[in-house]
Amino acid sequence: MFLTPYFSNQDNQFQFTREQASHFAKKVAGDFNPIHDEDNKRFCVPGDLLFAVLLQKEGISQKMRFDFSGMVNDGIALSIENKCEKESALVDEKGKEYLHMSREGEMSHNADFIEHVVTNYVQFSGMNFPHIMVPLMEEQQMMINCQRPLVIYESMEVEFDRLDLTHPEVEFTGATFDVEGKRGLVTLNFAFKEGDEVVGKGVKRMVASGLKPYDQASVDDLVNRFNERKDMFLEKFAAAA
């Protein structure tokens, strides 16, 4: 499977190295959030990688909801706890839960379909910054802390009209940024399309904390640093290939 380079399995448990998680974020999702850098003190495994591994192991259901409840560091051994037929969770050896999935309707374990959905979704998800977040912050005249940016994955919901699909593509359908004091909820809406037909929909929610009054120069500096880091990684990756 395409996720094989990004985690390791042993005795029904799996875990991630910093390199595996960081490379998934950058190579697969196009996500250059500093919190996924190998040398970041606040490093955590991308939520999209947890979601991807869970789908690979449990399959896709017609209707799914994912709730994130903790950040996973490198080397934490996780396993899937099946709470009942319609609920599963990623937990560590002490039973702490990091990701909860509830599901309804038909199921598919088609590996090609799962890979296609996961790849399309995480590439869309990785576009959060700067393509979606910056216009939202400008509109609300509030911004994240540009020196220590922190936006946490809260939840995601997906619903397909049917599962006899082969290559549904994710299409962005709009976003909102609801600000309350120094905290904001970012909601991203998207649709799944196969050809010209809409075959599903979804919503992703993220929490932004430590908000400040909007400052264009600070945001421009953050975007420039983001693009520089992205270019540097891609050049390094291309040279190593």
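Worth saying up front: this structure is predicted, and the values here are computed from it rather than measured. (Residues numbered from 1 in each chain as written. Predicted model: local features only at pLDDT ≥ 70, side-chain atom pairs only at ≥ 80, totals over all residues. Heavy atoms only, no water.)

Interpreting fine coordinate detail is not advised for predicted regions of low pLDDT. Of the residues in the protein chain, 99% reach a pLDDT of 70 or more, and the chain-wide mean stands at 93. Per-residue pLDDT, averaged within each element of the protein chain, yields its smallest value for helix α5 (residues 216–240) (88) and its largest for strand β3 (residues 60–68) (97). (pLDDT = per-residue confidence, 0-100. Helix = DSSP H or I, 4+ residues; strand = E, 2+ residues; numbered from the N terminus.)

Here the focus is the packing of aromatic side chains. With the rule as written, the count across this model stands at 17 aromatic pairs. Relative to Phe16, the ring of Phe14 has its centre 6.1 Å away and its plane inclined at 85 degrees; by these criteria the two rings are edge-to-face. Of the two residues, Phe14 and Phe16, neither departs from the other in class, the shared state being buried. Pairing Phe124 with Phe172 gives two aromatic rings, centres 6.1 Å apart and planes at 35 degrees, and the pair type is tilted. Here Phe124, found in helix α3 (residues 111–125), pairs with Phe172, found in strand β9 (residues 169–180); they are 48 residues apart in sequence, far enough to count as distant. Among the residues examined, Phe124 registers a relative accessible area of 5% and is labelled buried. The exposure class of Phe172 is partly exposed, given its relative accessible area of 37%. Each residue in the set Phe51, Phe66, Phe113, Tyr121, Phe124, Phe160, Phe172, Phe190 and Phe192 is aromatic and connected to the rest through ring pairs, giving one cluster. Across the ring face of Phe233, the terminal group of Lys26 is positioned such that the distance to the ring centre comes to 5.9 Å. For the cation-ring pair, Lys204 lies above Tyr153, with the distance from its terminal atom to the ring centre recorded as 4.3 Å. (Phe/Tyr/Trp six-rings, centres within 6.5 Å; stacked < 30°, edge-to-face > 60°. Buried < 20%, exposed > 50% of the residue type's maximum accessible area, 1.4 Å probe, protein only. Lys NZ or Arg CZ within 6 Å of the ring centre and 35° of its normal.)

For an α-helix, 3.6 residues make a turn, and residues three or four places apart therefore share a direction. With 25 residues, α5 extends 36 Å between its outermost C-alpha atoms, agreeing within 8% with the 36 Å of an ideal straight helix rising 1.5 Å per residue. Restricting attention to buried positions, one finds in α5 the residues Val219, Leu222, Val223, Phe226 and Phe233. (Expected span 1.5 Å × (residues − 1).)

Here Gln20 is to be found in helix α1 (residues 18–28). The class of Gln20 is buried, set by a relative accessible area of 15%. Excluding anything up to four places from it in sequence, Gln20 contacts Pro5, Tyr6, Phe7, Ser8 and Gln15. (Contact = heavy atoms within 4.5 Å.)

Here we come to the packing of helix α2 (residues 47–58) against α3. Between α2 and α3, the shortest axis-to-axis distance is 10 Å and the interhelical angle comes to 170 degrees. The orientation of α2 relative to α3 falls into the category roughly antiparallel. The residues of α3 that touch α2, namely those facing Asp48, Phe51, Ala52, Leu55 and Gln56, are Ile114, Val118, Tyr121, Val122 and Ser125. Taken together, the residues that form the contact of α2 with α3 break down as seven nonpolar, two polar and one charged. (Axes fitted to C-alpha atoms, helices over the stretch in contact; angles between N-to-C directions. Parallel < 35°, antiparallel > 145°, perpendicular 65-115°, else oblique. Nonpolar A, V, L, I, M, F, W, Y, C, P; charged D, E, K, R; others polar.)

Here we come to helix α4 (residues 133–140). Buried residues of α4: Met133, Val134, Leu136 and Met137, and no others. Seen end-on, α4 carries its buried residues on one side only, within an arc spanning 160 degrees. Of the surrounding elements, those touching the buried residues of α4 are β7 (142–143), β8 (151–160), β9, β10 (183–194) and α5. Gln141 sits one or two positions beyond α4 and adopts a positive phi of about 55 degrees. (Arc of directions from axis to C-beta.)

Residues Leu3, Phe16, Leu49, Ile60, Phe66, Tyr121 and Met137 are the most contacted members of the largest nonpolar core, which totals 69 residues. If we ignore the near neighbours within four places in the chain, the residues touching Phe66 are Phe51, Leu54, Leu55, Leu99, His100, Met101, Glu154, Ser155 and Met156. (Core = buried A, V, L, I, M, F, W, Y, C linked by side-chain atoms within 4.5 Å.)

For the structure on display, the rule yields 13 salt bridges. For Asp37, the salt bridge is made with Arg229, and the minimal N-O distance between the two is 2.4 Å. Note that Asp37 is positioned in the loop between α1 and α2 and Arg229 in helix α5, a separation of 192 residues in sequence. Taking relative accessible area as the criterion, Arg229 reaches 24% and is therefore assigned partly exposed. Linked through salt bridges whose partners overlap, the residues forming this network are Arg65, Asp67, Glu157 and Arg205. (Salt bridge = Lys/Arg side-chain N within 4 Å of Asp/Glu carboxyl O.)

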